[in-house]
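The lines below spell out each chain.
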Amino acid sequence: MAKKKGGRIIVAMQCKECGATNYQTMINKTATPKLELKKYCKKDKKHTTHASREKLK
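**Student:** I tried to follow the environment of H47 on my own but got confused; where do I start?
**Tutor:** Within the secondary structure layout, H47 lies in strand β4 (residues 46-55). Counting along the chain gives 10 residues from H47 to L37, while the straight-line C-alpha distance between them is 9.8 Å.

And the structure:
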């Protein structure tokens, strides 16, 4: 049998400048408590820092 993916959760990536939620990704909850990436924001039309937000359902 295959092993379950117990430690991974889905989180939203939110822009720090405008607050828009543009992306979603999966992270390992135990290894990566907080994630910050430079991503393209459609609202600002430039690359900005996006931080992980609460998990999605």
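Having seen it, we continue.
**Student:** It is not clear to me how the packing of aromatic side chains should be interpreted in this structure. Could you clarify?
**Tutor:** Each pair of aromatic rings is reported with the distance of its centres and the angle of its planes. Counted under the stated rule, the structure contains zero aromatic pairs. Note that K39 overlies the ring of Y23, its terminal NZ or CZ placed 4.6 Å from the centroid.

**Student:** Sorry if this is basic, but what is going on with the environment of K43 here?
**Tutor:** Structurally, the position occupied by K43 is in the loop between β3 (36-41) and β4. Since its relative accessible area comes to 60%, K43 is described here as exposed. Sequence-distant contacts of K43, defined by excluding residues within four places in its chain, comprise C18 and A20.

**Student:** What am I meant to see in the confidence of the model for the protein here?
**Tutor:** Note that predicted coordinates carrying low pLDDT should not be read in detail. On average, residues of the protein score 86 in pLDDT, and 84% of them are at 70 or above. Mean pLDDT across the elements of the protein bottoms out in β4 (89) and peaks in β3 (94).

**Student:** Would you mind going over the pattern of salt bridges with me for this structure?
**Tutor:** Think of it this way: side chains of opposite charge can pair up when their charged atoms draw near. Following the criterion strictly, the structure yields two salt bridges and no others. We note a salt bridge from E36 to K16, for which the minimum N-O separation is 2.8 Å. Taken together, the residues E36 in strand β3 and K16 in the loop between β1 (8-15) and β2 (21-28) connect sequence positions 20 residues apart. In this structure, K46 engages E17 in a salt bridge whose closest nitrogen and oxygen atoms are separated by 3.6 Å. Placement of K46 in strand β4 and of E17 in the loop between β1 and β2 is noted, with a sequence separation of 29 residues between them.

**Student:** Explanation requested: the pairing of β2 in the structure shown.
**Tutor:** In this structure, β1 lies alongside β2, joined through seven bridges in antiparallel fashion. Within β2, the residue paired with Q14 across the bridge is T21. A loop of five residues connects β1 with β2, the two strands running antiparallel in sequence, and G19 in this loop sits at a positive phi of about 85 degrees.

What counts, and at which threshold
Residues numbered from 1 in each chain as written. Predicted model: local features only at pLDDT ≥ 70, side-chain atom pairs only at ≥ 80, totals over all residues. Heavy atoms only, no water. Helix = DSSP H or I, 4+ residues; strand = E, 2+ residues; numbered from the N terminus. Phe/Tyr/Trp six-rings, centres within 6.5 Å; stacked < 30°, edge-to-face > 60°. Lys NZ or Arg CZ within 6 Å of the ring centre and 35° of its normal. Buried < 20%, exposed > 50% of the residue type's maximum accessible area, 1.4 Å probe, protein only. Contact = heavy atoms within 4.5 Å. pLDDT = per-residue confidence, 0-100. Salt bridge = Lys/Arg side-chain N within 4 Å of Asp/Glu carboxyl O. Pairing = 2+ DSSP bridges.

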